[in-house]
Amino acid sequence: SSGKKGGTPFTKWLGITAYQMFYVCLNTGMGVIVLPLEAARFHQENPSIWVGVYMGVSGSTQLICPVIGKISDQHRSSWGRRRPFIMSGTLLAVLGLFAMWAASKQLLPLVFLVALLFLQLAVNGIYAAQCGLPADFLSLETGSEGSEKSVVSGLVAMYTFLGSLLAMAIIILTSAAPIQVHYGIYTAAISVVSGVVCCCATETSSLSSTNSAGLTFAELRKSFFIDASKDADFFWVCAGRMCYYMSTSIATFMYYYFRDMLHVEDEARRKTVIGILAILMQCVGMITSIPLGRLSNRLGRKPMIYISCMFMVCTFLLYVLAPLVPNFAWPAVIAAAVFYGIGSGAYLSVDYALALDCLPEGKTSAEALGLWGVVGFFGSTLGPVLGGYLLSWTNKSTEEDGSYPFVGYAAIMLFLGCFMNLLVIVMTHKIQSVR
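Residues numbered from 1 in each chain as written. Predicted model: local features only at pLDDT ≥ 70, side-chain atom pairs only at ≥ 80, totals over all residues. Heavy atoms only, no water.

S.K.: Before we go on, may I ask you to explain the overall build of the chain in this structure?
M.R.: A count of helical and extended segments in the chain gives 16 helices and 0 strands. Taking all 435 residues of the chain together, the buried fraction comes to 54%. Summarising the internal contacts of the chain: among those between residues at least 6 apart in sequence, 84% fall at separations of at least 24. (Helix = DSSP H or I, 4+ residues; strand = E, 2+ residues; numbered from the N terminus. Buried < 20%, exposed > 50% of the residue type's maximum accessible area, 1.4 Å probe, protein only. Contact = heavy atoms within 4.5 Å.)

S.K.: What's the story with the packing of aromatic side chains in this structure? I'm lost.
M.R.: Think of a pair of aromatic rings as described by two things: how far the centres are apart, and how the planes are tilted against each other in angle. Applying the stated criterion to the full structure yields 18 aromatic pairs. Centre to centre, the rings of Tyr-255 and Tyr-256 are 5.8 Å apart; their planes meet at 75 degrees, and the pair counts as edge-to-face. Taken individually, Tyr-255 and Tyr-256 each receive the classification buried, so the pair is uniform in this respect. For the ring pair Phe-415 and Phe-419, a centre distance of 5.7 Å and an interplane angle of 15 degrees mean the geometry is stacked. Taken together, the residues Phe-415 and Phe-419, both in helix H16 (residues 406–429) and 4 residues apart, mark about one turn of the helix. (Phe/Tyr/Trp six-rings, centres within 6.5 Å; stacked < 30°, edge-to-face > 60°.)

S.K.: Looking at this structure, I do not really get the packing of helix H10 (residues 232–248) against H16. What am I missing?
M.R.: Between two packed helices, what matters for the description is the angle formed by their axes and the separation of those axes. Taken N-terminus to C-terminus, the directions of H10 and H16 make an angle of 165 degrees; their axes are 8 Å apart at the nearest point. The angle between the axes of H10 and H16 places the two elements in the roughly antiparallel class. Crossing geometry of H10 relative to H16 is assigned as left-handed. For the pair formed by H10 and H16, the contact residues are Trp-236, Ala-239, Gly-240, Cys-243, Tyr-244, Met-246 and Ser-247 on the first element and Leu-416, Gly-417, Met-420, Asn-421, Leu-423, Val-424 and Met-427 on the second. Per-class residue counts for the contact of H10 with H16 are 10 nonpolar, 4 polar and no charged. (Axes fitted to C-alpha atoms, helices over the stretch in contact; angles between N-to-C directions. Parallel < 35°, antiparallel > 145°, perpendicular 65-115°, else oblique. Left-handed = near helix turned anticlockwise from the far one by under 90°. Nonpolar A, V, L, I, M, F, W, Y, C, P; charged D, E, K, R; others polar.)

S.K.: Teacher, can you tell me more about the nonpolar core here?
M.R.: Grouped together as the largest cluster of nonpolar side chains are 117 residues, with contacts concentrated most on Tyr-19, Met-30, Tyr-257, Phe-258 and Tyr-319. Broken down by element, the residue count for this core peaks at 13 residues, all from helix H2 (residues 19–42). Once residues within four sequence positions are removed from consideration, Tyr-257 is found in contact with Leu-262, Tyr-319, Ala-322, Pro-323, Tyr-409 and Met-413. (Core = buried A, V, L, I, M, F, W, Y, C linked by side-chain atoms within 4.5 Å.)

S.K.: Just checking my understanding: could you explain the side chain of Ser-164 for this structure?
M.R.: With respect to the secondary-structure elements, Ser-164 resides in helix H7 (residues 145–173). Among residues more than four places away in sequence, those in contact with Ser-164 are Val-24, Thr-28 and Gln-282.

S.K.: When you look at the pattern of salt bridges in this model, what are you seeing that I'm missing?
M.R.: Should their charged atoms come close, side chains of opposite charge can pair. Scanning all chains against the criterion turns up 2 salt bridges. Put simply, Arg-41 and Glu-38 hold a salt bridge, and the shortest N to O gap is 2.6 Å. Residue Arg-41 and its partner Glu-38 are both found in helix H2; the two are separated by 3 residues, about one turn of the helix. Since its relative accessible area comes to 29%, Arg-41 is described here as partly exposed. For Arg-259, the salt bridge identified is with Asp-260, shortest N-O distance 2.7 Å. According to the relative accessible area criterion, Asp-260 is buried, its value standing at 9%. (Salt bridge = Lys/Arg side-chain N within 4 Å of Asp/Glu carboxyl O.)

S.K.: How should I be thinking about the packing of H2 against helix H5 (residues 83–106) in this particular structure?
M.R.: Between H2 and H5, whose axes approach to 10 Å, the crossing angle comes to 40 degrees. Seen along the crossing, H2 lies across H5 with a hand that is left-handed. Contacts between H2 and H5 involve Met-30, Glu-38, Arg-41 and Phe-42 on the former and, on the latter, Met-100, Ala-103 and Ser-104. Taken together, the residues of the contact of H2 with H5 sort by class into 4 nonpolar, 1 polar and 2 charged.

S.K.: In this structure, what is going on with empty space enclosed by the protein? I would like to understand it.
M.R.: Summary: where empty space remains is shown by rolling a probe the size of a single water molecule over the atoms. What the rule picks out here adds up to 1 cavity of 30 Å³ or more. The computed volume of the largest cavity comes to approximately 40 Å³. What lines the largest cavity is simply Trp-236, Val-237, Gly-240, Arg-241, Ile-305, Tyr-347, Leu-354, Val-424, Thr-428 and Ile-431. Contributions of two or more residues to the lining of the largest cavity are made by H10, helix H14 (329–357) and H16. If one sorts the elements of the lining of the largest cavity by residue count, H10 sits on top with 4 residues. (1 Å grid on protein atoms, 1.4 Å probe; cavity = no way out; pocket = protein on both sides within 12 Å on 5 of 7 lines; lining within 4 Å. Points joined across faces, edges and corners; volume = space filled by probe spheres on them.)

S.K.: For this particular structure, what's the right way to read unusual backbone geometry?
M.R.: One can expect most non-glycine residues to show negative phi and most peptide bonds to be in trans. Not every positive phi belongs to a glycine, and Leu-107 is a case in point at roughly 55 degrees. Relative to the elements of secondary structure, Leu-107 occurs in the loop between H5 and helix H6 (109–138). The phi dihedral of His-263 falls on the positive side, at around 60 degrees, and the residue is not glycine. Mapped onto the fold, His-263 is located in the loop between helix H11 (254–260) and helix H12 (267–299). Assessed through its relative accessible area of 54%, His-263 is described here as exposed.

S.K.: What's the story with a nonpolar patch on the surface in this structure? I'm lost.
M.R.: Among the surface-exposed residues, Leu-91, Leu-92, Leu-95 and Phe-118 lie close enough to one another that they form a single nonpolar patch of about 380 Å² accessible area. With 3 residues, H5 is the single largest residue contributor to the nonpolar patch. Here Leu-92 falls in the partly exposed class, since its relative accessible area comes to 38%. (Patch = residues over 30% accessible without salt bridge, like charges linked within 9 Å, V, L, I, M, F, W, Y side chains within 5 Å. Areas by Shrake-Rupley, 256 points an atom, 1.4 Å probe, with all protein chains shown as cover.)

S.K.: Sorry if this is basic, but what is going on with the state of the cysteines here?
M.R.: By definition, a disulfide links the sulfur atoms of two cysteines through a covalent bond. For the structure on display, the rule yields 0 disulfides. No disulfide involves Cys-314; its nearest neighbouring cysteine sulfur is the one of Cys-418, lying 8.4 Å away. For Cys-314, a relative accessible area of 31% puts it in the partly exposed group. (Disulfide = S-S within 2.5 Å.)

Fair warning: the whole summary comes from geometry, so function is off the table for now.
In structure tokens, the structure reads:
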């Protein structure tokens, strides 16, 4: 373990939690631009299916998080428990990014798929180890643990929005550049951020640790399950979170939506439009999340989730209506972006707090929150897979341009967007221990 009695300096917390920014930046950039564009290059006949495959591969690697977290808990080295995983994971991630760059340049779809799997395993391994660092430092705090937790939670939320904003800025600034440029940017970013985390996380040697017993398969298996009979509230929190993130995964198909529904034919302009709208969403979310978080202390956690979901439903209805009213299509899309920002800001303002309020008794907080995180990523993985099949199933066009019809986009907006958010409301209502 590591840390400092009397409180960890704020600058150290900034560095320790900085990986969240890169993590969100990478996943946002991959989901919004890189994977849809590469799918269109590799598989021109049916790219939506392959976007779902790529997102499925990426999301499935989240399952490594509880395993790496448990292993790092018992790791012994002179560098501490977490930093060896962060450093080795960074090296593997850089190799994966280089392989993706080479596969993209040479149009090698199978190599690209394997390299993507390799990259995401490394990135999620780093994430799992890094998530243990704040808990390590907090365990040594004396007298200020509550306020320190608030600092960490606030920084994670801030880095989440900043990561998305950075991803969109990269998309805009590289809109006229080849897609391969992204791999170089991500390589530089993960190298710098991981270095900052390792420098700020001044772990002491764990060689003398007595907590080094081997993990059994049964222990690892147990970390992936929730006892719904004993921990019903935590189960409903996780189920609602999965549905919510299924709805947000629609962002994966917005590249195609603007091409087919709003007829933004120029690729560079399409990237710019997506980037600007996403920045608008993130700025609105950043501005509203703190006031809405404070409001939730008066209204309650559950009412804030209801408000969030209703804004999200309105967002997706506006996306359905936009192509039907050409004269007002862009105002409708801009309004949808604002609604999405308010909805996501409201959700994120209570998402973490709601999970903490409903932690199960049979798990440690790190173990439970690891599973909570995996459930969210499972939703963001399942969403693109279902969306890709919905677009493909409704595509009756014989054109070779790979475009999709209005009915396909309406299907994913209404099912993945509106219906899933209504399910979140139902599941949140079932939570009994939180108002």
